[in-house]
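Spelled out, the chains give:
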Amino acid sequence: MAFVQIIDCKTDRVDDLNRLMDTWAEQTRGKRTAGHAVVATDRADTKHVVEIVEFPSYEEAMKNSNLPETDRIFREMVALCDEPPSFTDLDVVRDAQFNKTTAMRVLDELAKGNLGVIDECMAADYRDHDYGSEGDAVGRAAFKERCSGYVNAFDFSFAVESQLADGDEVALRWTWNATQKADFMGVPSTGKSVVGRGTTTFRFKDGMIQEGWWQWDVMGLMRQLGMMPS
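Residues numbered from 1 in each chain as written. Predicted model: local features only at pLDDT ≥ 70, side-chain atom pairs only at ≥ 80, totals over all residues. Heavy atoms only, no water.

Caption draft 1: Structural view of the layout of surface pockets. The volume enclosed by the largest pocket comes to roughly 490 Å³. Around the largest pocket, the lining comprises 20 residues; the ones closest to its centre are His-36, Glu-54, Asp-95, Gln-97 and Ala-165. Counting residues per element, the ones that place at least two in the lining of the largest pocket are strand 1 (3-10), strand 3 (45-55), helix 4 (98-111) and strand 7 (154-166). The class makeup of the residues in the lining of the largest pocket is 10 nonpolar, five polar and five charged. When its volume is computed, the second largest pocket comes out at roughly 320 Å³. If you go around the second largest pocket, you meet 17 residues; those closest to its centre are Gln-5, Ile-7, Asn-64, Thr-70 and Phe-74. Only strand 1, helix 1 (14-27), strand 3, helix 2 (58-65) and helix 3 (68-80) provide two or more residues apiece to the lining of the second largest pocket. At five residues, helix 3 tops the list of elements feeding residues into the lining of the second largest pocket. (1 Å grid on protein atoms, 1.4 Å probe; cavity = no way out; pocket = protein on both sides within 12 Å on 5 of 7 lines; lining within 4 Å. Points joined across faces, edges and corners; volume = space filled by probe spheres on them. Helix = DSSP H or I, 4+ residues; strand = E, 2+ residues; numbered from the N terminus. Nonpolar A, V, L, I, M, F, W, Y, C, P; charged D, E, K, R; others polar.)

This is the structure we're talking about:
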């Protein structure tokens, strides 16, 4: 079970606290078990500083606490605070990453032929960069047209091997399994089963996908369909 520790303190030396965090991150590289840390200030009281540190489990957090570097940095942190920091230990019972869920939904629904998911998940001025196509598709209608070529020509599915979220971006590494059922780029239906591999990165804004980048083996698809020699 994931574990989160929240550290509350009072200080007007936030810059020094940030530098201390950078020092700790550098000194514990390769040894720390913390996966994510956030330092935030209270809008209502700028001296109220909250640090949120995430760990894979409580046991891993304890390993992190026992590092000599952590103990030393903590003592320096206490010296920066107006009063001793308080700690809240939390076992995570739900971790909903909404952007990752939306990104997966787009691939799943496109595989079902549901182009309506574009209206639901993409911003009106969505910009699509597909390195297998000439130029960008700008706007929902243009992206629908781009996707319809694949939806109409293939029965397909995406098998997502990995998914990473960082800030406002979500990256997916996938395998595309498809069977040609209609003409595609001038190639009559072959009935062939083909496989494509690639990655998609979506950038989100206000819960909607604002921009997308698709990188995949276009040449491999053409060879499998007989559009070019193997």
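Moving on, there is more to tell.
Caption draft 2: Representation of the pattern of salt bridges within the structure. Per the stated rule, a full pass over the model turns up 15 salt bridges. One salt bridge connects Lys-31 with Glu-69, and the closest N-O pair in it is separated by 2.3 Å. Placement of Lys-31 in the loop between helix 1 and strand 2 (36-42) and of Glu-69 in helix 3 is noted, with a sequence separation of 38 residues between them. Residue Lys-31 is classed as partly exposed on the basis of its relative accessible area, which comes to 41%. Residue Glu-69 is classed as buried on the basis of its relative accessible area, which comes to 10%. One salt bridge connects Asp-119 with Lys-144, and the closest N-O pair in it is separated by 2.6 Å. Linking Asp-119 in helix 5 (residues 116-121) with Lys-144 in helix 6 (residues 140-153), this pair joins segments that are 25 residues apart in sequence. (Salt bridge = Lys/Arg side-chain N within 4 Å of Asp/Glu carboxyl O. Buried < 20%, exposed > 50% of the residue type's maximum accessible area, 1.4 Å probe, protein only.)

Caption draft 3: A look at the packing of aromatic side chains. Inspection of every chain in the model, using the stated rule, returns 14 aromatic pairs. Ring centres of Phe-156 and Phe-158 lie 5.8 Å apart, and the angle between their planes is 85°; this geometry places the pair in the edge-to-face category. Accessibility classification places Phe-156 together with Phe-158 in one group, the buried group. On the numbers, 5.9 Å between centres and 85° between planes, the contact of Phe-202 with Trp-214 is edge-to-face. You can see Phe-202 sitting in strand 9 (residues 193-205) and its partner Trp-214 sitting in strand 10 (residues 208-216), a full 12 residues away along the chain. For Trp-214, a relative accessible area of 9% puts it in the buried group. Taken together, the aromatic side chains of Tyr-150, Phe-154, Phe-156, Phe-158, Trp-174, Trp-176, Phe-184, Phe-202, Trp-214 and Trp-216 make up a single cluster linked through ring pairs. The side chain of Arg-32 reaches across the aromatic face of Trp-24, ending 5.9 Å from its centre. (Phe/Tyr/Trp six-rings, centres within 6.5 Å; stacked < 30°, edge-to-face > 60°. Lys NZ or Arg CZ within 6 Å of the ring centre and 35° of its normal.)

Take it as geometry only, folks, not as evidence of what the structure does.
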